[in-house]
Amino acid sequence: MPHLKTFARATLALAAGLGLSVAAHADINIGVIVSLTGPGASLGIPADNAIKLWPTELGGQKVNLFVLNDATDTTTAAAKNATKLITEDKVDVIVGPSLTPTSLAVIEVAARSGVPVISLAGGGAIVEPQDGPRRWAFKMAPTETISINAVLDHMLRNKAGTVATIGITTAYGEGFLKAIERLAPAKGVRIVAVEKYAQADTSATPQVLKLIAANPDAVYIFSAGTPGALPHAELVKRGYKGLIYQTQGVANADFLRIGGKELEGSFMTVAPVLVADRLPDANPVKAPGVDYVKRYEAKDGAGSRSLFGATAWDAQLWLSAAIPVALQRGKPGTDEFRLALRDAIEGLKEFIGTQGMFNLSDKDHNGVDARSQVMVKVEGGQWKLVT
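In this text, all values refer to a predicted model and were calculated from it rather than measured experimentally.

1. Points about helix α3 (residues 77-87)
Buried residues of α3: Ala77, Ala78, Asn81, Ala82, Leu85 and Ile86, and no others. Looking straight down α3, one finds its buried side chains confined to an arc of 160 degrees; they lie on one side. Here the buried face of α3 lies against β1 (28-34), β3 (61-69), β4 (93-95) and α4 (100-112).

2. Here's the deal with the packing of helix α10 (residues 286-300) against helix α11 (residues 307-326)
Two measures define how a pair of helices packs: the angle their axes make with one another and the distance between the axes. Relative orientation of the contacting elements α10 and α11 amounts to 110 degrees, with a least axis distance of 11 Å. By the angle class used here, α10 and α11 are roughly perpendicular. In terms of crossing hand, the pair formed by α10 and α11 is right-handed. Touching Asp291, Tyr292 and Arg295 of α10 are Gly309, Ala310 and Trp313, all from α11. For the contact of α10 with α11, the per-class residue count stands at three nonpolar, one polar and two charged.

3. A word on the packing of aromatic side chains
For the coordinates displayed, the defined rule picks out nine aromatic pairs. Seen from their ring centres, Phe138 and Trp318 are 6.4 Å apart, and the 90 degrees between their planes marks the pair as edge-to-face. In this pair, Phe138 sits in strand β6 (residues 137-139) while Trp318 sits in helix α11, placing the two residues 180 residues apart along the sequence. For the pair formed by Phe138 and Trp318, the shared burial category is buried. Members of the aromatic cluster, joined through ring pairs, are Tyr172, Phe176, Tyr220, Phe222, Tyr245 and Phe267. Across from the ring centre of Trp136, 5.9 Å away, lies the NZ or CZ of Arg342, which sits over that ring.

4. Brief notes about the sheet that holds strand β9 (residues 218-222)
Strands sit in the order β8-β7-β9-β10-β11-β14-β15 across an open sheet of seven strands; the sheet is mixed. For this open sheet the edge positions go to β8 (190-197) and β15 (382-385), each flanked by a neighbour on one side alone. Each neighbouring strand pair of the sheet contributes to a mean axis angle of 30 degrees, computed without reference to strand direction. In this structure, strand β7 (residues 162-168) lies alongside β9, joined through five bridges in parallel fashion. Bridge pairing in β9 links Ala164 to Val219.

5. Digging into the side chain of Asn252
Within the secondary structure, Asn252 is located in the loop between β10 (243-246) and α9 (253-259). A polar contact is formed between the side chain of Asn252 and the backbone nitrogen of Asp254, at a distance of 3.0 Å. Dropping the residues within four chain positions of it, Asn252 is found in contact with Ser42, Leu43, Gly225, Phe308 and Trp383.

6. Describing the pattern of salt bridges
This structure, assessed with the given rule, holds 23 salt bridges. Ionic pairing is found between Arg338 and Asp92, a salt bridge with its closest N-O pair at 3.6 Å. Of this pair, Arg338 sits in helix α12 (residues 335-346) while Asp92 is found in the loop between α3 and β4, placing the two residues 246 residues apart along the sequence. In this structure, Arg338 and Asp92 share a single accessibility class: buried. Salt-bridge contacts for Lys286 lead to Asp281; the nearest nitrogen and oxygen are separated by 2.7 Å. Look at Lys286 and you get buried, because its relative accessible area is 17%. When salt bridges that share partners are traced, they join Asp277, Arg278, Glu297 and Arg305 into one network.

7. With respect to unusual backbone geometry
Cis geometry marks the peptide bond from Gly96 to Pro97; its omega dihedral reads -5 degrees. Along the chain, Pro97 turns up in the loop between β4 and α4. In this chain, Glu128 is followed by Pro129 through a cis amide linkage whose omega measures -5 degrees. Take Pro129: it is sitting in the loop between β5 (117-119) and β6. At Ala71, a position not held by glycine, the phi torsion is positive, near 55 degrees. By secondary structure assignment, the location of Ala71 is in the loop between β3 and α3. Within the chain, Lys159 stands out as a residue other than glycine whose phi angle is a positive 60 degrees. You can see Lys159 is positioned in the loop between α5 (144-157) and β7.

8. Topic: the pairing of β3
Relative to β3, β1 is paired through seven bridges, and the arrangement is parallel. Bridge pairing in β3 links Asn29 to Asn64. In terms of strand pairing, strand β2 (residues 57-58) meets β3 through two bridges, oriented antiparallel. If you follow Glu57 over to β3, its bridge partner there is Lys62.

Rules used in this analysis
Residues numbered from 1 in each chain as written. Predicted model: local features only at pLDDT ≥ 70, side-chain atom pairs only at ≥ 80, totals over all residues. Heavy atoms only, no water. Buried < 20%, exposed > 50% of the residue type's maximum accessible area, 1.4 Å probe, protein only. Helix = DSSP H or I, 4+ residues; strand = E, 2+ residues; numbered from the N terminus. Arc of directions from axis to C-beta. Contact = heavy atoms within 4.5 Å. Axes fitted to C-alpha atoms, helices over the stretch in contact; angles between N-to-C directions. Parallel < 35°, antiparallel > 145°, perpendicular 65-115°, else oblique. Left-handed = near helix turned anticlockwise from the far one by under 90°. Nonpolar A, V, L, I, M, F, W, Y, C, P; charged D, E, K, R; others polar. Phe/Tyr/Trp six-rings, centres within 6.5 Å; stacked < 30°, edge-to-face > 60°. Lys NZ or Arg CZ within 6 Å of the ring centre and 35° of its normal. Pairing = 2+ DSSP bridges. Polar contact = N/O pair within 3.5 Å; in protein donor to acceptor, adjacent residues only side chain to side chain. Salt bridge = Lys/Arg side-chain N within 4 Å of Asp/Glu carboxyl O.

In structure tokens form, the structure reads like this:
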């Protein structure tokens, strides 16, 4: 009997060891949903370019990528893509989509199957409040509060006491509008006009004329991708001379190209990676930011760096850190592993990425602070760090 007990213990230990070995070497399936066409393409294409730079292993595990285009279609394509990735491709995590509305559609589908989502979009509605489907959702772009406070402080330093806003009629634009309506009074800044436009609109002339008539010291545009250039260019062409601000939702080379000379002298808050090589050496984001920029521009050309590519790059940094932790609780392809992966991402602390420093928790699935934003100015068709 003692010999049988010894054999049983040895057999169990061997089985456990084999189980760990199988888990350690099982492939991890990662679904990616980005906007490669439609109004969100200027965000989705750089993300896709960055994903092509991902290593073939993350956290020591081989990964299989399944990349789908949602065509910036909130109502059908994004949700259908999520369903396909989960039911047919058996993904353990979804990275994307590129925009807030499409992300919200994907999160609803993914949460029902217990699949974590690392959104590449910026709207606070993706992770706030932390209940229901949002328990499975994460994002990297900073909160509206962080971005807006930086803009309001910059306005006050430039003696601008009134602001008008124009934003796209999506969850992204609405999130920024609600936040500035809450934050501006506390800073002593008065909102004198509020206008909206659709992301697919080809003209914003009526709205811009109303903004100019309100005679604000500054105009703040809440938009994502190249549609942000529409009201901006119209303001300049109509002779507006005040300060113009944008969110980092437009911070890409296509926006600069389409907006052209009308963008000169405008401001926006962006993740530090966009000006990584100009950051002080003491900034913890500089090293990973410069590393990403070198990799991206080596493949896509000098000056091609993209904030939205950097977000996709940080997604794999998160996964590289979270996967080994999740493997201690489950095997890829199982509900246990997907839940463990969600928990491991939620547990990231003092994690340095190209977007900033991340401290996530069960109450905060964004985890960044004011270090996630810097002010830049458009000069000579490039981003210039404002110190």
